[in-house]
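This is what each chain is made of:
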Amino acid sequence: QVQLVESGGGFVRPGGSLRLSCAASGSILSIYNIAWYRQAPGKQREYVATIVSDGNTNYADSVKGRSTISRDNAKNTMYLQMNSLKPEDTAVYYCNADIRPIGKGIGNYWGQGTQVTVSP
């Protein structure tokens, strides 16, 4: 069974940095598109960033220039480096990936989320 587990969240002051990780485990053949989303209290889940199989990336305007999405295919792990954090970045951050398990078709998977809190 494929699982995504995020880590690296926490409390940080404005202007600080965090590096979120998302580790995929299970019988994985391939990982394709990977994305990060976030959901602030009382708000809908919103898109943050994507990295596709060839390494191309895309970012939401709200984090562009402050965040970097990356992947380590050998470790089945994905990252979101966030710098110059603002209070409005406070949210639960989720990773999402298109994964082909061994012997199965491609499915879309979500992690359980990791809390990021930015406050003075």
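Below is a short write-up of the structure. (Residues numbered from 1 in each chain as written. Predicted model: local features only at pLDDT ≥ 70, side-chain atom pairs only at ≥ 80, totals over all residues. Heavy atoms only, no water.)

Bringing unusual backbone geometry into the picture now. If you check the backbone angles, N76 has positive phi at about 50 degrees while not being a glycine. The backbone phi angle of S84 is positive, close to 50 degrees, even though this residue is not glycine.

This part covers the sheet that holds strand β1 (residues 3–7). The four strands are arranged β1-β3-β8-β7 in an open sheet whose pairing can be described as antiparallel. Strand pairing shows two members of the sheet lacking a second neighbour, β1 and β7 (67–72), which therefore form its edges. Adjacent strand axes in the sheet meet at a mean angle of 15 degrees, parallel and antiparallel pairs treated alike. Where strand β3 (residues 18–25) and strand β8 (residues 77–82) come together, six bridges link them in antiparallel fashion. The residue bridging A23 from the neighbouring strand is T77, located in β8. (Pairing = 2+ DSSP bridges. Helix = DSSP H or I, 4+ residues; strand = E, 2+ residues; numbered from the N terminus. Axes fitted to C-alpha atoms, helices over the stretch in contact; angles between N-to-C directions.)

Our next topic: the packing of aromatic side chains. According to the stated counting rule, one finds three aromatic pairs in the structure shown. Consider the rings of Y37 and W110, whose centres lie 5.1 Å apart with planes at 55 degrees: the pair is tilted. Taken together, the residues Y37 in strand β4 (residues 28–39) and W110 in strand β10 (residues 107–110) connect sequence positions 73 residues apart. Residue class for Y37 comes out partly exposed when judged on its relative accessible area of 23%. W110 gets classed as partly exposed once you look at its relative accessible area, which sits at 38%. Judged by centre distance (6.5 Å) and plane angle (80 degrees), the ring pair of Y94 and W110 falls under edge-to-face. Placement of Y94 in strand β9 (residues 91–101) and of W110 in strand β10 is noted, with a sequence separation of 16 residues between them. (Phe/Tyr/Trp six-rings, centres within 6.5 Å; stacked < 30°, edge-to-face > 60°. Buried < 20%, exposed > 50% of the residue type's maximum accessible area, 1.4 Å probe, protein only.)

Turning our eyes to something else, we now look at the state of the cysteines. Within this structure, the stated rule accounts for one disulfide. The partner cysteine of C22 in its disulfide is C95, sulfur to sulfur 1.9 Å. Because the torsion about its S-S bond is 50 degrees, the bridge between C22 and C95 counts as right-handed. Placement of the pair is C22 in strand β3 and C95 in strand β9, with a sequence separation of 73 residues. Across this residue pair, the class does not change: C22 and C95 are buried. (Disulfide = S-S within 2.5 Å.)

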